[in-house]
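Read off the chains here:
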Amino acid sequence: SKAVDRLANGVQAAPRDALISDLAPDASRGACFGFAQSMRKWGSAVGAVLVFFLMRASGNDYKLIFTLAASVSLCSCIAFVMLVPSHARPNHAEAKPAAAAGEVTAASGTQEKEGFQLDRFWKDVKSMGSDFYRMLVVVSMYGMGHIGESMLEA
């Protein structure tokens, strides 16, 4: 089962990463990848907890659990087809890159602080665009039905 999981992960990882790269604005592409990775981990954790409670509530009915997992996967496929746009990569050249940390900005003549800045983080999150968030919903739905690697170690 580990080999099948690794194969499935390899088949879906490259197209997913290509979609994120295609839909994310240039200035916040790294933030988009990090956010998508955290949502995949979150989806795996929530999915495992849901399965635990469903197994207890259903008296260990494996058919029900696998049917529900297949339903989540089917819903994510439908959401992918309906929500993720089919278009060529838009030109993000008009987006001006933010000044690098430590650079003196021309407008203010001040030096920006290095390190994590909460206001800049939220600005990046807001700038990711609706296409990215629609795709993220699909990835999160997939993550909820995905078996985490830690579950396969047992």
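Residues numbered from 1 in each chain as written. Predicted model: local features only at pLDDT ≥ 70, side-chain atom pairs only at ≥ 80, totals over all residues. Heavy atoms only, no water.

(A) Region of the structure containing the overall build of the chain. Check the secondary structure of the chain and you find six helices and zero strands. Evaluated residue by residue, the chain yields a buried proportion of 24% over its 154 residues. A sequence separation of at least 24 residues applies to 70% of the contacts in the chain between residues at least 6 apart. Working note: accessible area of the chain is about 10200 Å², and carbon and sulfur atoms make up 67% of it. (Helix = DSSP H or I, 4+ residues; strand = E, 2+ residues; numbered from the N terminus. Buried < 20%, exposed > 50% of the residue type's maximum accessible area, 1.4 Å probe, protein only. Contact = heavy atoms within 4.5 Å. Areas by Shrake-Rupley, 256 points an atom, 1.4 Å probe, with all protein chains shown as cover.)

(B) Examining the packing of helix α2 (residues 29-58) against helix α3 (residues 62-83) more closely. Contact geometry for α2 and α3: axes closest at 9 Å, N-to-C directions at 145°. Where α2 crosses over α3, the handedness of that crossing is right-handed. In contact with Val51, Leu54, Met55 and Ser58 of α2, α3 contributes Tyr62, Leu64, Ile65 and Leu68. A breakdown of the residues in the contact of α2 with α3 according to their chemical character gives seven nonpolar, one polar and no charged. (Axes fitted to C-alpha atoms, helices over the stretch in contact; angles between N-to-C directions. Left-handed = near helix turned anticlockwise from the far one by under 90°. Nonpolar A, V, L, I, M, F, W, Y, C, P; charged D, E, K, R; others polar.)

(C) Molecular detail of unusual backbone geometry. One non-glycine residue, asparagine 60, adopts positive backbone phi at about 60°. Given the relative accessible area of 48%, asparagine 60 is considered partly exposed.

None of the figures reported here should be taken as evidence of function without further support.
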